[in-house]
Amino acid sequence: MNVPKGKLIPIGGNEAKEPLETENAGSEQEIDFNEGVLKQVIGEMRKKKPVIAVLPFASHYQEELAGVYEEAFGKIGHKTDPMVIHERDEVDDKKNLEKLINADGLFITGGDQSKLKNTLDGTRFLEIMHERYQNEEFVIAGTSAGAMIMSEQMIDTGSSEESVMKGITKLTKGFGFLPKTIIDTHFFNRGRLARLTEALMQKKSFMGIGISEDTALVITDGNEMRAIGSGTIIIIDDADVINTNYHKVKEREPIYIEHLVVHMLSRGSAYLLKEKKFKVL
């Protein structure tokens, strides 16, 4: 497979995009957007003033969410070009395809990843996304659902259990920009270690990627994953598991796993998927 020229930036959700309320009623804490994930997304694009297409389709409140990102990117000096799409037959409208073709990067918002997948599957829009990612210096960034959709396998539904139990996660195909992976988001904030681990038991030799909020990976060459943002990222590798009772137990019963390999990334570190190598930058 050819090495893609584009970049992927999956974000764990809840990236800093508005002032935060403090303990003092009515007061707000200003966020330094210049050091935030959205600023770094812009920095990964090839132009100083890139065209950013925003796809809020995964949300049930597209217009409102498009406005949130218009304001957030505006605070760091950049304009967005939103694509509000209500029905599947609107996806391949000429105006939407032109926006995608003319953009330097695409930002996919959070929401319902299954809605996003079912609507874009089989469209010319998705074909163009793959073509541009493969052949151009095109950036595809996504947060929450927009990040989960990038992997080869996607978590369709899953519960945040404390224990790893068989059957707590249901998988479906993602868009496949990052082969042999399963991406999960809001990872530590919503206690999703169990569901990602159980998902990996269903797909031998896949890599699990759990991204915490306001945190992201910049993925180049479809291989090097560099951590950015304020939190941490978990990489789970099940390729060398020695023993597990996963295929013997019944649904909703706990499982054991011997030799599950886990890495933790934060700013200043990276991971090479193909080589399975941790890097300190």
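Residues numbered from 1 in each chain as written. Predicted model: local features only at pLDDT ≥ 70, side-chain atom pairs only at ≥ 80, totals over all residues. Heavy atoms only, no water.

### Re the overall build of the protein chain
Piece 1. Each helix and strand in the protein chain was counted, giving 7 helices and 19 strands.
Piece 2. Oriented by its inertia axes, the alpha-carbon framework of the protein chain measures out at about 50 × 50 × 35 Å.
Piece 3. The buried share of the protein chain, taken over its 281 residues, is 52%.
Piece 4. Residue pairs at least 24 apart in sequence account for 72% of intrachain contacts in the protein chain once pairs closer than 6 positions are excluded.
Piece 5. Carbon together with sulfur atoms contributes 47% to the accessible area of the protein chain, which is approximately 13,200 Å² in total.
Piece 6. Treating the 36 positive side-chain charges of the protein chain as one cloud and the 44 negative ones as another, the clouds have centres 5 Å apart. (Helix = DSSP H or I, 4+ residues; strand = E, 2+ residues; numbered from the N terminus. Buried < 20%, exposed > 50% of the residue type's maximum accessible area, 1.4 Å probe, protein only. Contact = heavy atoms within 4.5 Å. Areas by Shrake-Rupley, 256 points an atom, 1.4 Å probe, with all protein chains shown as cover. Lys, Arg positive; Asp, Glu negative; His and termini not counted. Charge placed at Lys NZ, Arg CZ, Asp CG, Glu CD.)

### Looking at the packing of aromatic side chains
Piece 1. Counting across every chain of the model gives 5 aromatic pairs.
Piece 2. Judged by centre distance (4.9 Å) and plane angle (45 degrees), the rings of Tyr69 and Phe107 are tilted. Of the two residues, Tyr69 is situated in helix α2 (residues 62-75) and Phe107 in strand β6 (residues 105-108); the sequence distance between them amounts to 38 residues.
Piece 3. Exposure remark for Phe107: the relative accessible area of 1% places this residue in the buried category.
Piece 4. Plain terms: the ring middles of Phe73 and Phe107 are 5.6 Å apart, the flat faces sit at 80 degrees to each other, and that makes the pair edge-to-face. Placement of Phe73 in helix α2 and of Phe107 in strand β6 is noted, with a sequence separation of 34 residues between them.
Piece 5. A relative accessible area of 0% means that Phe73 is categorised as buried.
Piece 6. Aromatic ring contacts, followed pair by pair, group Tyr69, Phe73 and Phe107 into a single cluster.
Piece 7. When the ring centre of Phe57 is taken as reference, the NZ or CZ atom of Lys115 above it lies at 3.6 Å.
Piece 8. Across from the ring centre of Tyr246, 5.2 Å away, lies the NZ or CZ of Lys166, which sits over that ring. (Phe/Tyr/Trp six-rings, centres within 6.5 Å; stacked < 30°, edge-to-face > 60°. Lys NZ or Arg CZ within 6 Å of the ring centre and 35° of its normal.)

### With respect to the side chain of Ser212
Piece 1. The topology assignment puts Ser212 in the loop between β11 (207-211) and β12 (215-220).
Piece 2. A distance of 3.3 Å separates polar atoms of two side chains, one belonging to Ser212 and the other to Thr215.
Piece 3. Sequence-distant contacts of Ser212, defined by excluding residues within four places in its chain, comprise Gly12, Phe187, Phe188, Asn189, Gly231 and Thr232. (Polar contact = N/O pair within 3.5 Å; in protein donor to acceptor, adjacent residues only side chain to side chain.)

### Structural notes on unusual backbone geometry
Piece 1. The phi angle at Asp214 is positive, at roughly 55 degrees, despite the residue not being glycine.
Piece 2. Position of Asp214 relative to the elements: it lies in the loop between β11 and β12.
Piece 3. Residues other than glycine seldom take positive phi values, yet Arg252 does so here, at roughly 70 degrees.
Piece 4. Among the structural elements, Arg252 can be located in the loop between β15 (243-244) and β16 (257-258).

### Focus: the environment of Leu8
Piece 1. The residue Leu8 is located in strand β1 (residues 7-11) in this model.
Piece 2. Classification of Leu8 by relative accessible area gives buried; the value is 0%.
Piece 3. Taking the C-alpha atoms as reference points, Leu8 and Leu55, 47 residues apart in sequence, are found 15 Å from one another.
Piece 4. Sequence-distant contacts of Leu8, defined by excluding residues within four places in its chain, comprise Tyr133, Ile140, Met150, Phe177, Leu178, Leu217, Val218 and Ile219.

### Describing helix α3 (residues 94-102)
Piece 1. Buried within α3 we find Asn96, Leu97 and Leu100. For α3, the angular spread of buried residues about the axis comes to 95 degrees, placing them on one side. Opposite the buried face of α3, by more than 90 degrees, sit the exposed residues Lys94, Lys95 and Asn102.
Piece 2. Residues of α3 that are buried make contact with β6 and α5 (124-135). (Arc of directions from axis to C-beta.)

### A look at the pairing of strand β13 (residues 224-229)
Piece 1. As defined by bridge partners, β12 adjoins β13 across 6 bridges and the pair is classed as antiparallel. Following the sheet pairing, Thr215 is matched in β13 by Gly229.
Piece 2. Counting the residues between successive antiparallel strands, the hairpin from β12 to β13 contains 3 residues, one of them, Asp221, with a positive phi of roughly 60 degrees.
Piece 3. Strand direction decides the pairing type here: β13 and strand β18 (residues 269-272), joined by 3 bridges, are antiparallel. Of the residues in β18, the one forming a bridge with Arg226 is Ala270. (Pairing = 2+ DSSP bridges.)

### Regarding the sheet that holds β13
Piece 1. Read across the open sheet, the 9 strands follow the order β5-β4-β6-β7-β1-β12-β13-β18-β19; overall the sheet is mixed. With one partner strand each, in any of the chains shown, β5 (80-82) and β19 (277-280) form the two edges of the open sheet. Sheet twist, expressed as the average angle between the axes of neighbouring strands with direction ignored, equals 20 degrees.
Piece 2. Pairing of strand β4 (residues 52-55) with β5, which is carried by 3 bridges, proceeds in the parallel orientation. Paired with Val54 across the two strands is Pro82, which belongs to β5. (Axes fitted to C-alpha atoms, helices over the stretch in contact; angles between N-to-C directions.)

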